[in-house]
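Observations on the three-dimensional arrangement
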Amino acid sequence: MGRGPSIEGRKNAEDAKRAKVFTKLIREITVATRAGVADPSANPRLRSAVDKALSANMTKDTIERAIKRGSGADGGAAMEELRYEGYGPAGIALIIDCFTDNPTRTVADVRHALTKHGGNLGTSGSVAFQFARVGELVFATGGDEAAEEKVLEAALEAGADDVVNENGESTVLCAPENFEAVQQALAAAGLHAEHAGVGMRPSNRLPVPGEALESLLDLLEKLDGLDDVSEVSHNALLPAEAAG
């Protein structure tokens, strides 16, 4: 008797989660278009955003509307790309990238999330020096040495800088300007990434004391749930990563 509402509730939650993902992807496409040209074949950043949207099963019509909005063809509100830096519980460094049409709202939401979880908003450059912008492609190799070796050989031949094997995954690292070429070369070698993109990677990861861990995880979930936040980078060594 109780199954109907349970299934319906679960479906509603999944629909809401999917809608949030789509909101973030649409903003990413809009900003990528605005920063370059409206043609994905001539705008690598836009092409990457479109690929992510297609992987999330976004329709081509929705993608095209987002590109039109970014090009100003529909007269929509201008989107801005903003980056905030700060600290979370236990002094964990955070870089919070946002796409927004209302910076005042966005900074207030980000600041509120940080202060509520024992963190604080920093000044520009206060934590960025602890990160480097790199291209990352993550492959599920399951700890299989042959699979790891295949990724390593293909990555080095494609011009990647390094491959890190941990937690059953092989992460290929490359310079941002080489990302697209490396991604295409690995795909041509029959390797398809679980996750791929250009982002901020910390130079070192720090363990989080037990009493601060729950608060940090809550903070990361809260930030991810904000519509204006596109990506959160941090230097925490989380339990699953530590176990590897």
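Figured I'd write up the structure that's included with this text. (Residues numbered from 1 in each chain as written. Predicted model: local features only at pLDDT ≥ 70, side-chain atom pairs only at ≥ 80, totals over all residues. Heavy atoms only, no water.)

1. Quick word on the sheet that holds strand β5 (residues 162-166)
- Spatial strand order, β5-β6-β4-β7: four strands in an open sheet with antiparallel pairing. Edge strands, defined here as strands with exactly one partner in the open sheet, are β5 and β7 (195-202). Direction aside, neighbouring strands of the sheet carry axes that sit 35° apart on average.
- Bridge count for strand β4 (residues 131-140) against β7 is eight bridges, and the pairing is antiparallel. The residue bridging V138 from the neighbouring strand is H195, located in β7.
- Packed onto the sheet, helix α6 (residues 179-188) meets β4, β6 (169-174) and β7 and runs at close to 10° relative to β4. (Pairing = 2+ DSSP bridges. Helix = DSSP H or I, 4+ residues; strand = E, 2+ residues; numbered from the N terminus. Axes fitted to C-alpha atoms, helices over the stretch in contact; angles between N-to-C directions. Contact = heavy atoms within 4.5 Å.)

2. Considerations on the pairing of β4
- Where burial is concerned, most of β4 is hidden: seven out of the 10 residues are buried.
- Note: β4 against β6, six bridges, orientation antiparallel. In the strand pairing of β6, F139 is matched with S170. (Buried < 20%, exposed > 50% of the residue type's maximum accessible area, 1.4 Å probe, protein only.)

3. As for unusual backbone geometry
- Backbone geometry places A90, a non-glycine residue, at a positive phi of 65°.
- By the secondary structure assignment, A90 is in the loop between β1 (80-87) and β2 (93-100).

4. With respect to the side chain of T106
- Following the sequence through the fold, T106 ends up in helix α4 (residues 103-116).
- Apart from residues no more than four positions distant in its own chain, T106 is found in contact with Y84, C98, T100 and D228.

5. Here's the deal with helix α3 (residues 60-71)
- Taking 1.5 Å as the rise per residue, α3 with 12 residues should run 16 Å; its terminal C-alpha atoms sit 16 Å apart, in good agreement.
- When we look at burial in α3, the residues that qualify are T62, I63, A66, I67 and G70. All buried residues of α3 fall inside an arc of 140° around its axis, so they share one side. Facing away from the buried side of α3 by over 90 degrees, the exposed positions are D61, R65 and K68.
- Just downstream of α3, G72 is the residue with a positive phi angle, here 85°. (Expected span 1.5 Å × (residues − 1). Arc of directions from axis to C-beta.)

6. As for helix α2 (residues 44-55)
- With 12 residues, α2 should reach 16 Å at 1.5 Å per residue; the first-to-last C-alpha distance of 16 Å fits that figure.
- Where α2 is concerned, the buried positions are L46, A49, V50 and A53. One side of α2 holds all its buried residues, which, seen down the axis, span an arc of 100°.
- Once α2 ends, the next one or two residues include N57, with phi positive near 70°.

The values reported here are purely geometric and, on their own, carry no functional implication.
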